[in-house]
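Here's the letter readout for the chains.
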Amino acid sequence: AQSVTQLDSQVPVFEEAPVELRCNYSSSVSVYLFWYVQYPNQGLQLLLKYLSGSTLVKGINGFEAEFNKSQTSFHLRKPSVHISDTAEYFCAVSEAGSYQLTFGKGTKLSVIP
Amino acid sequence: SAVISQKPSRDICQRGTSLTIQCQVDSQVTMMFWYRQQPGQSLTLIATANQGSEATYESGFVIDKFPISRPNLTFSTLTVSNMSPEDSSIYLCSVETSGKGPYEQYFGPGTRLTVT
């Protein structure tokens, strides 16, 4: 079975600074990878996804993530964060052929003015 | 993608009572899912609800506690029965729109439940 590890539970960063949120997964088969964002008191919104092809994936709001198969990682990055990026970010994985999503425990990003 | 709404958005309930949460989608979908997000935790899948068949429950979740209905391709309900304070969570429904791999899920806004 697959699993997802988000190494940082909380990440504080100053406004306009770059940020990286780390995600590692384990699986014995091919996977699809997702990042979701949850703003305060809201549901989950799909930020970006890796299904196949280019390992660098661009998403909404200026975020991007890179799939690294050898390191089994899918880290999320943004070169310059805004106050509005303050939210919780969840990495998720599904195995090829399966509809089931496995989520990491989430990383709370706090952008400091 | 899909537009998903949930009712109620939040509720405060007394222990021993039941609450039914509704999930409405703006398009027909085969797969719908119900998740629980306990305070400070990640999402845990409760069950998968496909139209025309019984819901499939994950380990640790049973039909008597979380009965699910799926009467058509755009609607589902989750009931949280005989509630206790441990049931205080956000309950989210999601849908899978492609109908085939790779599967992508889209989530509703969630129902924030507090049990006193």
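In this text the structure is predicted, and so the values were computed from the model without any measurement.

What counts and what doesn't
Residues numbered from 1 in each chain as written. Chains lettered and ligands numbered in written order. Predicted model: local features only at pLDDT ≥ 70, side-chain atom pairs only at ≥ 80, totals over all residues. Heavy atoms only, no water. Contact = heavy atoms within 4.5 Å. Salt bridge = Lys/Arg side-chain N within 4 Å of Asp/Glu carboxyl O. Polar contact = N/O pair within 3.5 Å; in protein donor to acceptor, adjacent residues only side chain to side chain. Helix = DSSP H or I, 4+ residues; strand = E, 2+ residues; numbered from the N terminus. Nonpolar A, V, L, I, M, F, W, Y, C, P; charged D, E, K, R; others polar. Disulfide = S-S within 2.5 Å. pLDDT = per-residue confidence, 0-100. Phe/Tyr/Trp six-rings, centres within 6.5 Å; stacked < 30°, edge-to-face > 60°. Buried < 20%, exposed > 50% of the residue type's maximum accessible area, 1.4 Å probe, protein only. Core = buried A, V, L, I, M, F, W, Y, C linked by side-chain atoms within 4.5 Å. Pairing = 2+ DSSP bridges. Axes fitted to C-alpha atoms, helices over the stretch in contact; angles between N-to-C directions.

Turning next to the interface of chain B and chain A. At the junction of the two partners, chain B supplies 21 residues and chain A supplies 21 residues. Counting every contact that joins chain B to chain A gives 0 salt bridges. Along the contact surface separating chain B from chain A lie 5 residue pairs in polar contact (both at pLDDT 80 or more). Going through the elements one at a time, strand S4 (31-37), strand S5 (43-50) and strand S10 (105-107) of chain B are the ones with two or more residues in the side of chain B that touches chain A. Of the residues forming the side of chain B that touches chain A, the biggest block, 4 residues, is contributed by S4(B). Classifying every residue of the side of chain B that touches chain A gives 11 nonpolar, 6 polar and 4 charged.

Further remarks concern the state of the cysteines. Residue and element names in this part refer to chain A. Tallied over the full model, the rule gives 2 disulfides over all chains. A sulfur-sulfur distance of 2.0 Å marks the disulfide that ties Cys 23 to Cys 91. Judged by the sign of its S-S torsion, about -65°, the cystine formed by Cys 23 and Cys 91 is left-handed. In this pair, Cys 23 sits in the loop between strand S3 (19-21) and strand S4 (24-26) while Cys 91 sits in strand S10 (residues 87-95), placing the two residues 68 residues apart along the sequence.

Moving on, we come to the confidence of the model for chain A. Across chain A, pLDDT averages 92, with 100% of residues at or above 70. Within chain A, the lowest mean pLDDT, 91, falls on strand S6 (residues 44-50) of chain A, and the highest, 98, falls on S3(A).

Before going further, it helps to spend a moment on the packing of aromatic side chains. Within the structure shown, the criterion is met by 12 aromatic pairs over all chains. Taking the centre distance of 5.6 Å and the plane angle of 65° together, the rings of B:Phe61 and B:Phe66 count as edge-to-face. Residue B:Phe61 shares its accessibility class with B:Phe66, and that shared class is buried. An aromatic cluster of at least three residues, connected via ring pairs, comprises A:Phe34, A:Tyr36, A:Phe90, A:Phe103, B:Tyr35 and B:Phe107.

Moving on: the nonpolar core. Ranked by size, the top nonpolar core spans 45 residues in total, and within it A:Tyr36, A:Phe103, B:Ile46 and B:Phe107 carry the most contacts. Setting aside residues no more than four positions away along its own chain, A:Tyr36 makes contact with A:Leu44, A:Gln45, A:Leu46, A:Leu47, A:Glu88, A:Tyr89, A:Phe90, A:Ala92, A:Leu101, A:Phe103, B:Gln105 and B:Phe107.

Residue and element names in this part refer to chain B. Judged by pairing direction, the sheet is antiparallel, and its 4 strands sit side by side in the order S1-S3-S8-S7 without closing on themselves. Across the chains shown, the open sheet's two edge strands, defined by having one partner strand only, are strand S1 (4-7) and strand S7 (68-72). Along the sheet, successive strands turn relative to each other by an average axial angle of 15°, direction set aside. When S1 meets strand S3 (residues 19-25), the two strands line up antiparallel, connected through 4 bridges. Among the inter-strand pairings, Ile 4 is bridged to a residue of S3, identified as Val 25.

Moving on, we come to the side chain of B:Ser76. All names here are of chain B. Within the secondary structure, Ser 76 is located in strand S8 (residues 75-80). Among the polar contacts listed, one links the side chain of Ser 76 to the backbone oxygen of Ser 69, at a separation of 2.8 Å. Once residues lying within four places of it in the same chain are set aside, the contact partners of Ser 76 are Ile 21, Gln 22, Cys 23, Met 32, Trp 34, Ala 49, Ile 68, Ser 69 and Arg 70.

Let's shift gears to the environment of B:Thr77. All names here are of chain B. Note that Thr 77 resides in strand S8. Of the residues examined, Thr 77 reaches a relative accessible area of 12% and is grouped as buried. Along the backbone, Thr 77 and Thr 20 are 57 residues apart, and their C-alpha atoms lie at a distance of 6.5 Å.

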